[in-house]
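The residues making up each chain are set out below.
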Amino acid sequence: MVDVLSTDISRRALLGGLAAGLAVNGAGVGSATGQPRAGGRIRIASTNSSTADTLDPAKGSTATDYIRHYMLYSGLTQFDGQLRGRPGLADRMVTQDNIVWNIRLRRGVHFHNGKPLTVEDVIFSLLRHRDPAAGSKVKTVADQFASARRAGPLELQLRLTGPNPDLPAILAVSHFLIVENGRRDFSKANGTGPYIAHEFAPGIRTIVRKNPNYWKPGRPYLDEIELIAIPDEISRVNALLSGDVQMVNAVGPGSVKRVRATSTHSVMEIPSGLFTNLIMRRDNPVTANPDFVLAMKYLQDRELIKRALFRGFATIANDQPISPIDPNFNPNIPQRPLDPDRAKFLLKRSGLLGVRLPVYAAPVANGSIDMGSVLQEHAAQIGLKLAINRVPSDGYWATHWMKHPMTFGNTNQRPTTDMMFSLFFQSKALTNETGWNHPRFDRLLLEARSTTDAALRKEIYGEMQLVVHQHGGLAIPAFISLLDGYDRRLKGMFPIPLGGFMGYNFAEYAWWDA
Amino acid sequence: MSAASTPSLWRGAGRLIGKRIGLALVTLLLVSAVIFTISGLLPGDAAQEVLGQGATPEQVAALRHEMGLDRPAPVRYAEWLGSIVAGDPGQSLVANKPVADIISERLPNTLTLAALAALVSVPFAFLIGIASAVSRGRKLDRGINVLTLSMVALPEFLVATIAVLIFAVELLWLPSITIVPKDPTFAQFARAYAMPVMVLAVGVVAQLGRMIRAAIIAELDRPYVEMARLKGVGPQRLVFRHVLPNAIGPIVNAMALSLSNLFGGAIIVETIFNYPGLASLMVNAVTSRDMPLLQACAMIFCATYLLLVLIADTVAILANPRLRQV
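Since we're looking at a predicted model, the values are computed, not measured.

Trainee: How would you explain the overall build of chain B if you had to name every residue and give the values?
Mentor: A tally of regular secondary structure across chain B gives 14 helices and zero strands. Listed by position from the N terminus, the elements making up chain B come as α-α-α-α-α-α-α-α-α-α-α-α-α-α. Taken along its principal axes, the extent of the C-alpha atoms in chain B is 85 × 60 × 35 Å. When contacts within chain B are restricted to residue pairs at least 6 apart in sequence, long-range pairs at least 24 apart make up 71% of them. When the accessible surface of chain B is totalled, it reaches about 16600 Å², and 69% of it is carbon and sulfur. For chain B, the distance from the average site of its 25 positive side-chain charges to the average site of its 19 negative ones is 19 Å.

Rendered as structure tokens:
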């Protein structure tokens, strides 16, 4: 039996995380260098909050929710810089077949109200997601939890419906944070996290204070954190520069220079797997034509999109969804270039050069309107007329996304390669964006899950990336970097590619150097 | 006016005001119906918005049933209408809290901001309006005209952004976002509100000032002013004793419009200063399709507007003997 959270992996992972942090912050500012100091009070601003803000981890739906939940609760595992699951409330996770998992809990952990953490709390926290009435955002993921039973005072056995080697990473997602056994009323928060809720006003603010009995000795460092949201980007950056908040996420690429020009603030670039993609549906005769699809891929001006839309804060992508930061990334697929001649040849061969097709884009799909314009320009040069239909962000996902032959989608970094593929590419997936059906891809996906050898799994994932690159009905021009702005006195952080604010989990790492 | 005719005059005014209140209630009813219908046309509903992109159809259907959204629209409207008449705005679909609780958290914020802005802008507007009317055609008047016209033309978001860049980012005098601590000292309170109030006041002062000027000038051309002048009434006494009371009708009307603008049009200021007021709450309710919350916000905005107009009309009626007799 192998403990997948073993210290060896953890140490390497941690070092990897630190190295990435140093590389991003050349001067070492904001990185995990120096001796952390206790104390200090900060205010941070995320992008949106509303009356839907919640204290229930299962219902979290915005960055603001995820940050709040990571401050108040702890998970069985925690992400490192490479999105691997490291020990959290579980100090050991053992499996032989990736189906039956034996999980041992850390000793001496207490909830904020003083109640000790028990196996029953964990079983309840995991299985509650399967109940439709719980309204969990990860119900489809939790449906693979076949059963969980107590195996000792601090041990439990979790049985899955099928093999899944990524369980340690999945359990680090904020939705699976551990709550009290039987808790259904989330008007108050009672977790085991680094901070205790002091004030929670949905849509206005969350104030948390240091948990003196946190299970990681010496942590957290800050006395108090106030979390607010400033939806307007200019206001958010202004609030940072005027000292009203000490950290913000989603800094616009255009504001980076302005922030970096100060001596007091800086921006952390977090390369991530976030992308905006052109979706070509298989249920329309035009966009199902392989020549047409390939032509659209050859019409992507990836260099221009990276340079002009994202000011260089992006990584060129290759029409498949696994980014270079993913350990399973396949670097051996040749990069598809911008090749209008080839596109024209393909379109002529398909006989579709004369079609007039609308492409739907909305501001909510990050950069999609400009990507559409770039595409339209290149298409016009070879005689293909595309209309870009700019539609409102409000209701875009429900009414337009995947509902027309050509729409833009926008997908966040997912914690595991498997999640990305099974959510958006498996033929029976609910959000199979292009509506494709590729039996071999589906077979490979299942094969990867039941493979215990990580190297072999990486090989399978590599092949799946090639399949999507060649046959997938989507064009992905670039992976977009996340940009966090912060006060230089705020230290101890390194990027976790899942999202801004260290994959939303900065609170127990950050310290104030004043 | 003679003592004998006074009661009948008041009765006439009372009847007129009563009619206005009746009309206001009808307007509120129509507005609620229109909002209910229009928001029903928006794509998606609260259940879809709450569950997000990855929800299964079964999950959406279950939540829809729980929220009562699977019943026909007229039934839902009638039910809402029944409870609002009884004084209960219902339960928020998204926040799982009574709408009244959510509103009671935000309404005082909006009222504070609007009241402060009114308090600052009304005296300034009078000052500017009177000064430029009295010096009509002279340098002062022309100067004020150019100033107020450009203030009216400047969009609020521009004024706000420039103010933030100067006072918050460069000079570091004032906060760029409005966060009022729980029990603020006067200094904290003033610092927090200084910029949003200033930005809101810019537009109101200019607009109201111009209308006051126009109203006073209209009176200054009347024969009774000429007569007063000939009788040797000084300029100050002329404006404050003779002209202002006669011009008060149109001025109060203009004030009502400007103030309702302050109350409802604060959305840009709320966005830029991240101020948790009613306008941003209403935008929130639209995007999350939270119908009861949306309706409640709309009713408050509409009722405030109608109330201000009603007050203006009442003042105009009471100030004008001819209207009183209708």
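Moving on from the model shown.
Trainee: So what about the domain arrangement of chain A? Which residues, and what values?
Mentor: Residues and elements named next belong to chain A. The domains assigned to chain A are domain 1 (2-228 + 488-512) and domain 2 (271-480). Look at where the C-alpha atoms of domain 1 and domain 2 centre, and you get two points 32 Å apart. When the area that domain 1 buries against domain 2 is broken down by residue, the three leading residues are Pro165, Asp166 and Pro497, summing to 33%. One can count zero salt bridges joining domain 1 with domain 2. Along the contact surface separating domain 1 from domain 2 lie zero residue pairs in polar contact (both at pLDDT 80 or more).

Trainee: Before we move on, can you summarise the pairing of strand β15 (residues 356-361) of chain A with the specific residues and values?
Mentor: All names here are of chain A. Bridge count for β15 against strand β16 (residues 385-390) is six bridges, and the pairing is parallel. Each residue of the ladder has a partner; that of Val359, found in β16, is Ile388. In this fold, the crossover linking β15 to β16 by way of helix α11 (residues 368-381) has right-handed handedness.

Trainee: How would you summarise the confidence of the model for chain A if you had to cite specific residues and measurements?
Mentor: Per-residue pLDDT for chain A has a mean of 90; in total, 94% of the residues score no lower than 70. Averaged pLDDT values for the elements of chain A fall to 37 in helix α1 (residues 7-24) of chain A and rise to 97 in helix α3 (residues 119-127) of chain A.

How each quantity is defined
Residues numbered from 1 in each chain as written. Chains lettered and ligands numbered in written order. Predicted model: local features only at pLDDT ≥ 70, side-chain atom pairs only at ≥ 80, totals over all residues. Heavy atoms only, no water. Helix = DSSP H or I, 4+ residues; strand = E, 2+ residues; numbered from the N terminus. Contact = heavy atoms within 4.5 Å. Areas by Shrake-Rupley, 256 points an atom, 1.4 Å probe, with all protein chains shown as cover. Lys, Arg positive; Asp, Glu negative; His and termini not counted. Charge placed at Lys NZ, Arg CZ, Asp CG, Glu CD. Domains from an automatic or database assignment. Buried area = accessible area lost by both parts, 1.4 Å probe. Salt bridge = Lys/Arg side-chain N within 4 Å of Asp/Glu carboxyl O. Polar contact = N/O pair within 3.5 Å; in protein donor to acceptor, adjacent residues only side chain to side chain. Pairing = 2+ DSSP bridges. Right-handed = clockwise from strand over helix to strand, strands pointing away. pLDDT = per-residue confidence, 0-100.

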